[in-house]
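# Descriptive structure summary
Chain residues, written in single-letter form:
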Amino acid sequence: YVRTFDEANAICNGSTNNSPYITNITGPSTLLVNMTGNWTITATDQDGNLNLLTVAWGDNTSSTRAVFGTSTVQSFSHSYSTVGLKTITFRVSDLAGASDTETTTVNVRSLTPDLSKKQIIEGSLIRTAQEQLNEMTAKIYGIMRQLGL
C-alpha cells in the first residue's frame, strides 16, 4: 500500500501535534463480484486524540467511523457489483486535523467465465465430451479389428 501524510505537524492547543498513522492493513487482493471482503486496519496516534477512520472503496461509496484513544483496530466489510481493479483509500485523522492516508487495491473478477473466447485449443488437455467419445470409439474399433472381431 502507499503512505501519504496530511498536515504532519498540525498545531493543537499551542503545541506540536503528532500525526496519527495507519500501521497495518490486511484484506483480500482479489474478490469475485458480489463477494464480501473483510479488511482490518490498525491506526495509532501517540497524542491519544484519534478522531475518524474513513474508507473510500473505489466505487463511489465510503464508510466512516469515529475512533478514540491512542490506537484502534477496526474491521470493515465491502462487496463490489462491477469487475475491475479498485483502489481503496484508508484515512485516519485526529482531533487537530492531522491525518494519514494509505491505499491498496483489490481486483474484482467475474463470477462466470468469459465464454466469448474459444475455450478448446487443438492439442490441449481440455476437450469436449464429443471429441473424447469420438476418440474412444475409434480406439475401440481399432482394437476390435486387431482381434478380428
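My aim in this report is to walk through the structure given alongside it, one point at a time. (Residues numbered from 1 in each chain as written. Predicted model: local features only at pLDDT ≥ 70, side-chain atom pairs only at ≥ 80, totals over all residues. Heavy atoms only, no water.)

Let us look at the pairing of strand β11 (residues 99-109). Of the strand pairs in this sheet, strand β5 (residues 30-32) and β11 are connected by three bridges, and their pairing is parallel. By the bridge assignment for β11, Leu31 is matched with Val108. (Pairing = 2+ DSSP bridges. Helix = DSSP H or I, 4+ residues; strand = E, 2+ residues; numbered from the N terminus.)

Here the focus is the sheet that holds strand β4 (residues 21-26). The strand order across the open sheet built from three strands is β4-β6-β9, with neighbouring strands paired in antiparallel fashion. Where the open sheet ends on each side, the last strands, each with one partner, are β4 and β9 (71-78). Taking the axes of each pair of neighbouring strands and ignoring which way they run, one obtains an average angle of 20° across the sheet. (Axes fitted to C-alpha atoms, helices over the stretch in contact; angles between N-to-C directions.)

Let us now look at the nonpolar core. Core analysis: the largest hydrophobic core is formed by 19 residues, its most contacted members being Trp39, Ile41, Tyr80, Ile88 and Phe90. Mapped onto this core, the elements with two or more residues apiece are β4, β6 (37-44), β7 (50-56), β10 (84-94) and β11. Sequence-distant contacts of Phe90, that is, excluding residues within four places in its chain, are made with Ile22, Ile25, Trp39, Ile41, Thr54, Val55, Asp100, Thr101, Glu102 and Thr104. (Core = buried A, V, L, I, M, F, W, Y, C linked by side-chain atoms within 4.5 Å. Buried < 20%, exposed > 50% of the residue type's maximum accessible area, 1.4 Å probe, protein only. Contact = heavy atoms within 4.5 Å.)

Positive phi, normally seen in glycine, also occurs at Asn34, with a value near 65°. One can find Asn34 in the loop between β5 and β6. Its relative accessible area of 53% is what places Asn34 among the exposed residues. In this structure, Asn60 is a non-glycine residue whose phi angle is positive, near 70°. Its location among the elements puts Asn60 in the loop between β7 and β8 (62-66). By relative accessible area, which is 83% here, Asn60 ends up exposed.

The next subject is the packing of aromatic side chains. Throughout the structure, instances matching the rule amount to two aromatic pairs. Ring plane angle 65° and centroid distance 6.4 Å describe the contact between Trp57 and Phe76, whose orientation is recorded as edge-to-face. With a gap of 19 residues between them, Trp57 in the loop between β7 and β8 and Phe76 in strand β9 connect regions that are remote in the sequence. Residue Trp57 shares its accessibility class with Phe76, and that shared class is buried. Over the aromatic face of Phe76 sits the side chain of Arg65, whose NZ or CZ is 4.0 Å from the ring centroid. (Phe/Tyr/Trp six-rings, centres within 6.5 Å; stacked < 30°, edge-to-face > 60°. Lys NZ or Arg CZ within 6 Å of the ring centre and 35° of its normal.)

So, about the environment of Asp59. Turning to its location among the elements, Asp59 is positioned in the loop between β7 and β8. As for Asp59 and Ser79, which are separated by 20 residues in sequence, their C-alpha atoms are 9.9 Å apart. Asp59 has contacts with His78, Ser79 and Tyr80, leaving out every residue within four places of it along the chain.

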